[in-house]
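These are the residues of each chain, in order.
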Amino acid sequence: MRAVLLAGASAFIAVPQVALAQTAGAYAPGAEDAGQDREITVVGSRIESAKIAGALPVTVVGEDLIAATGSVSGDDLFRSIPQAGDVQFQESRTTGNLNDARGDNASINLRSVGTGNTLVLINGRRMILTPGTQTENFVPVQTANTNSIPIGAVRRMEVLRDGAAAIYGADAVAGVVNVVLDDRYTGIKFDGRYGFADGTSETTIAGKAGVKTKSGGHFLLFGSYTHRTPLLATERPFSASENHMAALVGTPWEGDTGFDNRSTSSPWGSFTTIPVTTVRQGTATLTSSGVFHIEPTSNTAAGCSSTVINGNLCLRSGTITGATDRVLRYDENPDRTIRGGLDRINLFGTFKQDLGGVELFGEAGYYHAKLEGQREQSAPISSAVISVPASNYWNPFGPTTFGGVANPNRLTGLTGVPTTGLPLRITTYRPVDTGPRVFQVTDNMVRGLLGLRGSFGNFKWESAATYSWAKTDDFTKNAISNTLFQQALARSTPDAYNPFNGGTQTSYSLGDATANSAATIDSFLVGVHRLGKTSLATWDARISNPSLLQLPGGGVGFASGVELRRETYQDDRDARLDGTITYKDIVTGITYGTDIMGASPAPDVKAHRTVAAAFIELAVPVISDDMNVPLIQSLDLQLAARDEHYSDFGNVLKPKVAGVWSVFDALKFRSSWSQSYRAPNLAQFYSAGTQVANTRTDWAQCRINATTCTGVSTLEVRSGNQNLKPEDAETISAGVVFQPHRNITLTVDYWALNEMGVIGLQGAQNQILFDYLERLSGRTNANVVRLAPVGTQVVGDISYVKDDYFNLGPRKLRGIDFALSLETGKTPLGRFSFDLVASKLIKWQQTASDLQATLIAANAAGKLGTGINITQAGDQVRQNGNPQWRLNGNMTWRAGGFSAGVQVNYVGSVFDTGTALVNGSFYEVPSFTTVGGYVQYRVPKDAGALAGTRFKVGARNLFDKAPPLTSSNYGFNGALADPTGRFIYFELSKEF
């Protein structure tokens, strides 16, 4: 097969030389300007005029449907596609912070296969990946940034709902999205738009100009600028607080604390003595296992362990836990934006010029966005522990004197505290008095293309080179330096930072009304940058012939091509994040790899790869109408294969076979089988030693040592793996196309996707549990690195868990797509068109890895003892971000210069797995339906000065439907729903 590919591709060595010698008129550039559409082929085939192309499962979203969505961003537009899964790159994520791809980023995830499994093309060529990464299934993923697409310049969007690696290469597992930008417009056009919703507004101005030249050229330039004001979480009742429990009163989930996401890291700090000791004040015990916390004396339900300090505070033994202390948890949402303030610029230009039988063409694009948002201040984490020195002026267990003067803040009557005082480890505390962190994310992206195309005989050829470059600067204005913060804690004067002064007395969970001085706070605030860069350089050459040779059924279409591309990725973190500037705890002497509070250390990454590819495609007419075969009007096949060689992991060869059987004009059956793959991205392949801290249960330590089993903070080290293999996929689809009239089309398609080697992690808890199982047999798990046993310990404490990315077990997905299109033609009331697209997810099953399967079997056999639950992926249909049903319906009406459209979006219900099980079920998040619409008037061409003017008013989420409640921080699932609410917009357009 590889030899066939190379033989087919080798035709390019000679084709351009022959074509350049052809005479003028062989290519006929500019034919589209005479009303002919050169772009006959939609995404899915490289063969122009191939009959098979029209039968592939492709959804085409034209200008009218794009207008009906009221979109000004790629995210708005792509969410309207029913086959689009959850959007993981979006602003309502609250995990990851600096490690997330923040800013004006949005992703596309067809069929919920996973981010990075959908290939996005601009005018048929690959889009660059955004520099930022986010974690899905605990591994970093990348995406094409849909917000970088200039929506105002989009002529149509083609969505191929089928595996297409044989045609387009890597990442086309779930399908391909081809965004076709306008390269034909002639004239000048200006657009202005203003829209608003409660608490936010958006303004866009855009212009487009196109001109044809006498020499056979065409030039087009498009530009747009969007300004959006921020939307605070407090502007929406569902996100104003992290505590959503009140909404569950009267339901089976009443009292489920899973709906209360307020943080135990609050101004009401918890501290542990160093060393761990029991401290008493008289007969009152102030610490439990060395732990105490600050609370207001007015919180009488909890009770005090110490005498009153500062007039209205006291110490209580233990940390902030349970229902009694829940009121002391910090509500982070008042410090958050749901959507940041945004300035976005999109510029795009095209040109084409007849050179006499050959056309020179090019594209240039520029995208710039600056988004500013805010998040709550960070808290110390276990991967960078912060100690409060005994010398701290406000330490209630401080020394008896400072420079011979009695310490006014040491509690009286203490036992268990030496005269020199006790240092304390911060267990849970958040320096809220610094104010929220403000982050600014600046994205820049450029894209350039230059190519030649022409024809000789029935052959058409095309060759082009592209270069794309993207850079993201994620800047946090007021992060906290661990080193400088501890220095402020170490002072023995009143300007020392005071973490013992509690929070707001009148509303315990909101803010901190007892702030430290501005000078003290400013002494430890720093700015932090994270720079990301990606680049994509490609060169390709293609040749096609709609009728290479004749068979009884007709001409065999042929296409072949070669491609070279080079991808680069760079993650350049601030010196305080990548280990260049470390933090050394002056109390314990331990050095940590990060100097930024709340941020885990992560080394910089710089990587690149090159890819060489060749493909071949045949469109084979097996049976035609002229052959008079009973029950077969025609039978056409698509045969394709593509071979790609990667510089870092070798070759990948993938085939595809598709066919369409026309019974008669109104009825067609179609089917396909293909293999696809997703190459490990450069972050998964080359990143090294990212550290995160999570609460895990060390079963070996507690059960073998015969101690109580509780969750402990555990350091996890996640690294790339250069032995990773591509995620392989096999897709089978079968469908029917019924067209009883040229204005009525109904399609139904069943699809099945099987993936092998999905990249993921074993999971630190599974690694720890496997270590326990191994130790029961006298072995150990080398991925669980432990300290030497201390005292009576048989098993030492965990130092860290090594959990590298690897290829997991298989994943299976099944679904059905439905589409109905109806146009009435001209009626007394005008023209009407109806479009309904629906998608049903039947199965989404993740099989356990070998290690997980071993644990499940051991647990079922009773080898691990009681009380152990092993998280299993299992069936994910209707779980969190995978609704079973999605629908999108559109109705458009036109009469004279008037037109109107209505769009309905439906997202089915899901179960929220972050909630308690009641009668064996999680909380069901209801389905979600929104309605949008617009009314438009175009002034007639003969109306004088107003000719070419268009007025439009519209709304998204016309009935102001709030997203359904979930147990997430914001109270809604941002991957499925938009929190903006009713958004009303006005547009004015003028053409010259």
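Residues numbered from 1 in each chain as written. Predicted model: local features only at pLDDT ≥ 70, side-chain atom pairs only at ≥ 80, totals over all residues. Heavy atoms only, no water.

On to the overall build of the protein. Looking only at helices and strands, the protein features 11 helices and 52 strands. The C-alpha extent of the protein, read off along each of the three principal axes, is 105 × 75 × 55 Å. On the protein, roughly 38300 Å² of surface is accessible, and the fraction owed to carbon and sulfur atoms is 58%. Charged side chains in the protein number 86 positive and 88 negative. The centres of these two groups are separated by 1 Å. (Helix = DSSP H or I, 4+ residues; strand = E, 2+ residues; numbered from the N terminus. Areas by Shrake-Rupley, 256 points an atom, 1.4 Å probe, with all protein chains shown as cover. Lys, Arg positive; Asp, Glu negative; His and termini not counted. Charge placed at Lys NZ, Arg CZ, Asp CG, Glu CD.)

Let us look at a nonpolar patch on the surface. Among the surface-exposed residues, Y194, F196, V935, V953 and F986 lie close enough to one another that they form a single nonpolar patch of about 430 Å² accessible area. On the secondary structure map, F986 appears in strand β52 (residues 983-991). (Patch = residues over 30% accessible without salt bridge, like charges linked within 9 Å, V, L, I, M, F, W, Y side chains within 5 Å. Salt bridge = Lys/Arg side-chain N within 4 Å of Asp/Glu carboxyl O.)

Here we take up the environment of T203. When you line up the elements, T203 lands in strand β9 (residues 200-212). For the pair T203 and L160, spaced 43 residues apart in sequence, the C-alpha separation works out to 33 Å. Ignoring any residue separated from it by four or fewer positions in sequence, one finds T203 in contact with R193, Y194, Y225, T226 and H227. (Contact = heavy atoms within 4.5 Å.)

The next thing to look at is the state of the cysteines. In total, this model carries 2 disulfides according to the counting rule given. For C304, the disulfide goes to C314, at an S-S distance of 2.0 Å. Its S-S torsion of approximately -75 degrees makes the covalent link between C304 and C314 left-handed. With C304 in the loop between β15 (291-296) and β16 (313-317) and C314 in strand β16, this residue pair connects regions lying 10 residues apart in the sequence. (Disulfide = S-S within 2.5 Å.)

The subject of this paragraph is helix α10 (residues 764-775). Between its first and last C-alpha atoms α10 spans 16 Å; for 12 residues at 1.5 Å apiece the expected length is 16 Å, and the two agree. For α10, the buried fraction is high: 10 of the 12 residues fall into the buried class. Buried residues along α10 sit in contact with β35 (690-697), α9 (699-704), β36 (711-718), β40 (784-786), β41 (798-802) and α11 (850-860). (Expected span 1.5 Å × (residues − 1). Buried < 20%, exposed > 50% of the residue type's maximum accessible area, 1.4 Å probe, protein only.)

Looking now at the pattern of salt bridges. Applying the stated rule across the entire model yields 53 salt bridges. Of the charged contacts, one joins D771 and R775 as a salt bridge, the two residues approaching to 2.9 Å between their closest N and O atoms. A residue pair is termed a helical-turn pair when its members lie 3 or 4 positions apart in one helix, as D771 and R775 do in helix α10 at 4 residues. Within this structure, E242, E332, R336, R375, E376, R430 and R437 form a network of salt bridges that share partners.

Now for the sheet that holds β35. Here 4 strands make up an open sheet; going across it, the order is β35-β36-β41-β40 and the pairing mixed. Of all strands in the sheet, those with a lone pairing partner are β35 and β40, marking the two edges. Taking each pair of neighbouring strands and ignoring which way they run, the sheet shows an average axis angle of 30 degrees. (Pairing = 2+ DSSP bridges. Axes fitted to C-alpha atoms, helices over the stretch in contact; angles between N-to-C directions.)

Formed by 37 residues in total, the largest nonpolar core has its most connected members in F78, I149, M157, V177 and V179. V179 has contacts with F78, L121, I122, N123, I149, V154, R156 and M157, leaving out every residue within four places of it along the chain. Ranked by size, the runner-up nonpolar core spans 35 residues in total, among them F271, F397, I521 and Y583. (Core = buried A, V, L, I, M, F, W, Y, C linked by side-chain atoms within 4.5 Å.)

With that out of the way, let us pick up the packing of aromatic side chains. Under the counting rule described, the total for this entry stands at 27 aromatic pairs. Centroid distance F259 to Y923: 5.2 Å. Interplanar angle 85 degrees. Geometry classified as edge-to-face. Residue F259 is located in the loop between β11 (231-232) and β12 (270-273), and its partner Y923 is located in strand β49 (residues 923-925); the two are separated by 664 residues in the primary sequence. Considering the side-chain rings of F271 and F500, the 4.7 Å spacing of their centres and the 45 degrees angle between planes classify their relative orientation as tilted. In this pair, F271 is assigned in strand β12 and F500 in the loop between α6 (482-490) and α7 (518-522), connecting sequence segments 229 residues apart. An aromatic cluster is present here, built from F271, F292, F397, Y429, F485, Y497, F500 and F524 joined pairwise through their rings. (Phe/Tyr/Trp six-rings, centres within 6.5 Å; stacked < 30°, edge-to-face > 60°.)

Moving on: the packing of α10 against α11. Two numbers describe how α10 lies on α11: the axes approach to 10 Å, and their chain directions differ by 55 degrees. With respect to α11, the axis of α10 lies oblique. Crossing angle aside, the handedness with which α10 passes α11 is left-handed. Within the contact between the two elements, α10 uses N766, Q767, L769, F770 and L773 and α11 uses L851, Q852, T854, L855 and A858. Class assignment of the residues belonging to the contact of α10 with α11 gives a composition of 6 nonpolar, 4 polar and no charged. (Parallel < 35°, antiparallel > 145°, perpendicular 65-115°, else oblique. Left-handed = near helix turned anticlockwise from the far one by under 90°. Nonpolar A, V, L, I, M, F, W, Y, C, P; charged D, E, K, R; others polar.)

Within the open sheet, the 3 strands sit side by side as β14-β13-β23. Their pairing is antiparallel. Only two strands of the sheet have a single partner each, and these edge strands are β14 (284-285) and β23 (414-415). Pairing geometry for strand β13 (residues 280-281) and β23, over 2 bridges, is antiparallel. By the bridge assignment, Q281 is partnered in β23 with L414.

What follows concerns the side chain of K654. Note on placement: K654 falls in strand β33 (residues 650-664). Since its relative accessible area comes to 8%, K654 is described here as buried. In this structure the side chain of K654 is engaged in a polar contact, spanning 2.9 Å, whose partner is the side chain of D728. Every residue in contact with K654, bar those within four places of it in the chain, is listed here: A165, A166, A640, A641, R642, Q675, S676, Y677 and D728. (Polar contact = N/O pair within 3.5 Å; in protein donor to acceptor, adjacent residues only side chain to side chain.)

Right, let's get into the confidence of the model for the protein. Per-residue pLDDT for the protein averages 88, and the proportion of residues at 70 or more is 94%. Per-element averaging of pLDDT across the protein places helix α2 (residues 15-20) at the bottom with 35 and α6 at the top with 97. (pLDDT = per-residue confidence, 0-100.)

Here the focus is unusual backbone geometry. In the segment running from I274 into P275, the intervening peptide bond is cis, with an omega of -5 degrees. On the secondary structure map, P275 appears in the loop between β12 and β13. The backbone of R878 shows a phi angle near 65 degrees, a positive value even though the residue is not glycine. We classify R878 as partly exposed; its relative accessible area is 21%.

Next up on the list: the pairing of strand β27 (residues 525-551). Of the strand pairs in this sheet, strand β26 (residues 459-480) and β27 are connected by 19 bridges, and their pairing is antiparallel. Of the residues in β27, the one forming a bridge with F475 is H529. For β27 and strand β28 (residues 554-573), the ladder comprises 19 bridges, and the chain directions are antiparallel. Its bridge partner being in β28, A541 is matched across the sheet by V562. Where β27 hands over to β28, the hairpin turn is made up of 2 residues, counted between the paired strands.

Turning our eyes to something else, we now look at the environment of T520. Following the sequence through the fold, T520 ends up in helix α7. What makes T520 buried here is its relative accessible area of 3%. Look past the residues within four positions of T520 in its chain and what remains in contact with it is R491, D495, A496 and Y497.

By the element assignment, D636 lies in strand β32 (residues 634-646). Setting aside residues up to four positions removed in sequence, D636 forms contacts with K51, I52, V620, P621, V622, A658, G659 and V660.

Right, let's talk about α6 for a bit. Turning to α6, its buried residues are N482, F485, Q486, A488 and L489. For α6, the angular spread of the buried residues around the axis is 155 degrees, confining them to a single face. The elements touched by buried residues of α6 are β20 (387-388), β24 (424-428), β26 and β29 (583-584). (Arc of directions from axis to C-beta.)

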